[in-house]
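Listed below, chain by chain, are the residues.
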Amino acid sequence: MKATVMTVMRMMTTMMLVAMPIPVRYFGEGREKPRVKIFRDQAAWCPYCQKVWLMLEEKRVDYETVKVPMRSYGDKPQSFLKLIPNGLLPAMEIDGRLMTESLDIMVTIERTFPDPDKPMIPPAGPLLDRAQQLLGLERKLFGAWCGYMFRPEVPFLGGGDGEFTSVLEQVDRELGSNTESPFFLPYAWPTLVDMQYVSHVERAVASAMFYKGYDVRKRFPNIDSWLSAYEALPHYMATKSDYYTHCMDIPRGTHSDIDSDLAREARSAIEPGSARASAPLDSELEPLTAQQRAAPEEHFRVEAAWSLVQNHEAVARFCCRAAGSGVGDWASGNPTKCRLADPYATPAEEMLPSVEAALRSVAAALLRGDPAVARAAREAAEAEVGAPPGGWPLAAACLEYLRDRVGSPRDLSMPAAKLLRGYLNEAVASLRA
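Treat the numbers as computed from the prediction; the structure is a model and nothing was measured.

### Points about the overall build of the protein chain
Then, number 1: Each helix and strand counted, the protein chain has 20 helices and five strands in total.
Then, number 2: Here the C-alpha atoms of the protein chain give a radius of gyration of 22 Å, agreeing with the 22 Å that 2.2 N^0.38 yields for 433 residues.
Then, number 3: Referenced to the eigenvectors of the C-alpha coordinate spread, the extents of the protein chain come out at roughly 75 × 55 × 45 Å.
Then, number 4: Here the protein chain holds 433 residues, and the buried ones make up 52% of them.
Then, number 5: Looking at the protein chain alone, contacts between residues at least 24 apart form 75% of all its contacts between residues at least 6 apart.

### A few points about the pairing of strand β2 (residues 36-41)
Then, number 1: Of all six residues in β2, five are buried; the element is thus mostly enclosed.
Then, number 2: Summarising the sheet, β2 and strand β3 (residues 63-68) pair through six bridges and their orientation is parallel. Across the sheet, residue Arg 40 finds its bridge partner in β3, namely Lys 67.
Then, number 3: A crossover connection joins β2 to the parallel β3 through helix α2 (residues 47-59); in handedness this β-α-β unit is right-handed.
Then, number 4: Sheet topology note: the β2/strand β4 (residues 91-94) ladder contains four bridges and is antiparallel. Directly across from Ile 38, in β4, lies its bridge partner Met 92.

### Considering the packing of aromatic side chains
Then, number 1: Tallied over the entire structure, the rule returns 15 aromatic pairs.
Then, number 2: For the ring pair Tyr 148 and Tyr 214, a centre distance of 5.7 Å and an interplane angle of 70° mean the geometry is edge-to-face. You can see Tyr 148 sitting in helix α5 (residues 126-150) and its partner Tyr 214 sitting in the loop between α7 (192-212) and α8 (216-219), a full 66 residues away along the chain. Taken individually, Tyr 148 and Tyr 214 each receive the classification buried, so the pair is uniform in this respect.
Then, number 3: Taken together through their ring pairs, the aromatic side chains of Phe 183, Phe 184, Tyr 197, Trp 226, Tyr 230 and Tyr 236 make up a single cluster.

### What to know about the UniProt feature "domain: GST N-terminal" (unreviewed entry) in the protein chain
Then, number 1: The positions that UniProt labels "domain: GST N-terminal" (unreviewed entry) are, in the present scheme, residues 36-117.
Then, number 2: From the first C-alpha to the last, residues 36-117 spans 22 Å; its make-up is 37% helix and 24% strand.

Definitions and limits used
Residues numbered from 1 in each chain as written. Predicted model: local features only at pLDDT ≥ 70, side-chain atom pairs only at ≥ 80, totals over all residues. Heavy atoms only, no water. Helix = DSSP H or I, 4+ residues; strand = E, 2+ residues; numbered from the N terminus. Rg over C-alpha atoms; globule rule 2.2 N^0.38 Å. Buried < 20%, exposed > 50% of the residue type's maximum accessible area, 1.4 Å probe, protein only. Contact = heavy atoms within 4.5 Å. Pairing = 2+ DSSP bridges. Right-handed = clockwise from strand over helix to strand, strands pointing away. Phe/Tyr/Trp six-rings, centres within 6.5 Å; stacked < 30°, edge-to-face > 60°. UniProt positions renumbered as here; feature names shortened; annotations may be inferred.

As structure tokens, then:
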């Protein structure tokens, strides 16, 4: 067991060079100050930041990263607003010149770091014309998705799935027309066109399933194959969110008035309150990638345990916000702000010993692969630190607070996030017993 865990830990250290937020991303031997500094969202959710992130990774351009909260998550620091007064993300500083707008940034990266053997934008000619036509179709898809998500099911108002389905059919045909690669253009690698699409398609797949019971991947085989090709790329997986993360980030004006069996099943399966440690990771609703399916579950359990252990004091204090003050104040009365964000909430310090003890049981259960250890969290914590001042149900609320805010890829990969939520639920049941 010990040797296996050490192997997994070494593997995770390598993965974290891409997946974890680090000040500088280097690709070669040199360690000079990068010419590029990218300002991206702190939560790793913004689709426009993801596009730029993917471009830098695909081209292997060294870059510095500065993380800034999106407006829905918190106030932007004055240091950033002095540089970018309108606060737009992403922003890029390249050779000392600042710019915003993701597409402009991506074009600038390609022009500044050209690679004739691996173009991200085709040269002038029919292929460039096709790329421009596909970019126009992507804007059409974005509009159809927004109409489907944010308008009621009234066809003459642009609601319903008619337009959404029609545009997805066009996208699926375009992908199917390229017989040389799984991507939009006949290159063996994703180009700027693919990057423009993938961040919004990723979100459309998640939200359509969660809110409408609409299975994009099952309906459109070429889109599914294209996403599968992307999911074979480690740098894409380092940026990819899970369905729950995406759906909690969508504004609360989303219409979920389709009450199909699949929609109800999807919401029940995806919402973290229903997660269990013994539940299978793979499902038709949110399938694992081929690489994730091939990996032992232990890899993801160790990843989840390590996320608790490496920063346990901050994690426990974060949990204790649920017993403190200010929870929910940030988004109260403002649907443009994320309801799960509490940038100014204050933790209840007196709950820390009990919460830390309960989290230790969760980490131990994950490492052992034994949910029973998490189910004994109350007994173990009571023996170690005694009953908390607010009572065990309040300690359970603290763990639920963490469970509902575990985000992917910011915190964990999708399988590890699901496992952590499930094991937290086992501990919650113990604390509430």
